[in-house]
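So you can see what is in the structure, the chains are spelled out below.
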There are 2 protein chains.
Amino acid sequence: MEALKEKIRRQGRVIGDEILKVDSFLNHQVDVPFLMEIGQAFAQRFAGERVDRILTAETSGIAIAVLAAPAFHNVPVVFAKKTASRNMDLTYYESRSKSYTRGQSGSLRVSKAYLPAGERVLILDDFLAEGNALLALADMVKQAGSTLVGAGIVIEKAFQPGGQKVRDAGIRLESLVRIQAMEHGEVVFQ
Amino acid sequence: MEALKEKIRRQGRVIGDEILKVDSFLNHQVDVPFLMEIGQAFAQRFAGERVDRILTAETSGIAIAVLAAPAFHNVPVVFAKKTASRNMDLTYYESRSKSYTRGQSGSLRVSKAYLPAGERVLILDDFLAEGNALLALADMVKQAGSTLVGAGIVIEKAFQPGGQKVRDAGIRLESLVRIQAMEHGEVVFQ
């Protein structure tokens, strides 16, 4: 997606050789019309596939998923939660995950009511690095007895092992941009 | 907002006499077209006011704020963060808050770059109960040297002190529905 590469070149900031900050438009400040374009790009990638539900993980997946929904006939969106709230259902799917940016291990949870069996589910998320969050989401789709259509990722860090792990798991992966390396403060796209 | 009252009557679940679960459409599963209607309702309440930016708090404010943006000429949305990430700017506004549903005290943070001075900022959030998150957001708008247009709340629990605290602070408060009480599993609207 050329517009996304251009946005990353203009607004992204590279920290060290692993961290790309895109918080001016993706995960702190949100550029709503741009994320709607991203949603349309995902819809083009998965054109011809029936999608009944979009699944993502809090926090940074939420804006991406809800702003993509209009391009997917406004199907329901559900975001997996990282912490148990007193408002949460007692019956939920759970899968262990490890957040790359926070360096913590934790669980993702989705109430069973919002991940019914027999659906075709599309996962959307902002980054793919180690792949742990995505594999945890995929595991919950399987637990639910639904079919995973695939995963749409805004930015894949192709120099980290997540993409290979996800493809090896037989998951259709559509990354809008793939970053080969981050060198001397610059992003090198694949 | 009658459609919201009806949605709460049909889909809301009352737990005890203080908790209202609306996770079928608002804060776990997201009903995107309905949240866009909510965004339009906020735009009607604040019609005639210039809004340069929408501010909310993670997690449950994000979907509401980004889906309201189209009704506010797609202004930038920024969501305050609850935890310090290694990706976060070192220069941020911070204000202490206490989450009602999690029973924990914590800080909200916004990078200074995404809360510039001299703007007119609208706060949007899902619930108003104790008012702490909203007052923390308002405090950061003040720290930034911007003007707070007001706060749009989806559901105000009018039997808790937040609404009064916010109005006493001189903040214009527009709640789409106000709940007077929750009795015997039923919601009583004001």
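Quick summary incoming for the structure in this document. (Residues numbered from 1 in each chain as written. Chains lettered and ligands numbered in written order. Predicted model: local features only at pLDDT ≥ 70, side-chain atom pairs only at ≥ 80, totals over all residues. Heavy atoms only, no water.)

## A short note on the overall build of chain A
Right, on to step 1. For chain A, the count of helices and strands is five helices and 11 strands.
Right, on to step 2. On the principal axes, the C-alpha backbone points of chain A span a range of 45 × 35 × 30 Å.
Right, on to step 3. A burial count over chain A gives 57% of its 190 residues as buried.
Right, on to step 4. Of the contacts made within chain A by residues no fewer than 6 positions apart, 63% connect residues no fewer than 24 positions apart.
Right, on to step 5. Per element, the accessible surface of chain A, about 7700 Å² overall, is 45% carbon and sulfur.
Right, on to step 6. The distance from the centre of the 24 positive side-chain charges to the centre of the 22 negative ones in chain A is 4 Å. (Helix = DSSP H or I, 4+ residues; strand = E, 2+ residues; numbered from the N terminus. Buried < 20%, exposed > 50% of the residue type's maximum accessible area, 1.4 Å probe, protein only. Contact = heavy atoms within 4.5 Å. Areas by Shrake-Rupley, 256 points an atom, 1.4 Å probe, with all protein chains shown as cover. Lys, Arg positive; Asp, Glu negative; His and termini not counted. Charge placed at Lys NZ, Arg CZ, Asp CG, Glu CD.)

## Regarding unusual backbone geometry
Right, on to step 1. Across the junction of A:Glu58 and A:Thr59, the peptide omega takes the value 5 degrees, indicating a cis bond.
Right, on to step 2. Positionally, A:Thr59 belongs in the loop between strand E4 (53-57) and helix H3 (61-68).
Right, on to step 3. One non-glycine residue, B:His184, lies in the positive phi region at around 50 degrees.
Right, on to step 4. Secondary-structure assignment places B:His184 in the loop between strand E10 (173-183) and strand E11 (186-189).
Right, on to step 5. Judged by its relative accessible area of 82%, B:His184 falls in the exposed class.

## Quick look at the pattern of salt bridges
Right, on to step 1. In this structure the tally under the stated criterion is 28 salt bridges over all chains.
Right, on to step 2. The shortest N-O distance in the salt bridge between A:Glu49 and A:Arg172 comes to 3.5 Å. With a gap of 123 residues between them, A:Glu49 in the loop between helix H2 (32-45) and E4 and A:Arg172 in the loop between helix H5 (162-168) and strand E10 (173-183) connect regions that are remote in the sequence.
Right, on to step 3. Residue A:Glu49 is classed as partly exposed on the basis of its relative accessible area of 31%.
Right, on to step 4. Take A:Arg172: its relative accessible area is 30%, and that puts it in the partly exposed class.
Right, on to step 5. Among the salt bridges present, the one from B:Lys5 reaches B:Glu2, with a minimum N-O distance of 3.6 Å. Of this pair, B:Lys5 and B:Glu2 are both found in helix H1 (residues 2-11), three residues apart, which corresponds to roughly one turn of the helix.
Right, on to step 6. What makes B:Lys5 buried here is its relative accessible area of 17%.
Right, on to step 7. Using a relative accessible area of 55% as the deciding quantity, one classes B:Glu2 as exposed. (Salt bridge = Lys/Arg side-chain N within 4 Å of Asp/Glu carboxyl O.)

## Remarks on the packing of H1(B) against helix H2 (residues 32-45) of chain B
All names here are of chain B.
Right, on to step 1. With their axes 10 Å apart at the nearest point, H1 and H2 run at an angle of 140 degrees to one another. The two elements H1 and H2 meet at a crossing, and its hand is left-handed. Note on element contacts: H2 touches H1 through Phe 34, Glu 37 and Ile 38, opposite Ala 3, Leu 4 and Lys 7.
Right, on to step 2. Residue composition of the contact of H1 with H2, by class: four nonpolar, no polar and two charged. (Axes fitted to C-alpha atoms, helices over the stretch in contact; angles between N-to-C directions. Left-handed = near helix turned anticlockwise from the far one by under 90°. Nonpolar A, V, L, I, M, F, W, Y, C, P; charged D, E, K, R; others polar.)

## Things to note about the environment of A:Leu122
Right, on to step 1. Relative to the helices and strands, A:Leu122 resides in strand E8 (residues 120-128).
Right, on to step 2. Apart from residues lying up to four places away in sequence, A:Leu122 is in contact with A:Phe46, A:Val51, A:Arg53, A:Ile54, A:Leu55, A:Phe72, A:Gly150, A:Ala151 and A:Gly152.

## Things to note about H2(A)
Right, on to step 1. With 14 residues, H2(A) extends 20 Å between its outermost C-alpha atoms, agreeing within 8% with the 20 Å of an ideal straight helix rising 1.5 Å per residue.
Right, on to step 2. Burial in H2(A) covers these residues: A:Val32, A:Phe34, A:Leu35, A:Ile38, A:Gly39, A:Ala41, A:Phe42 and A:Ala43. (Expected span 1.5 Å × (residues − 1).)

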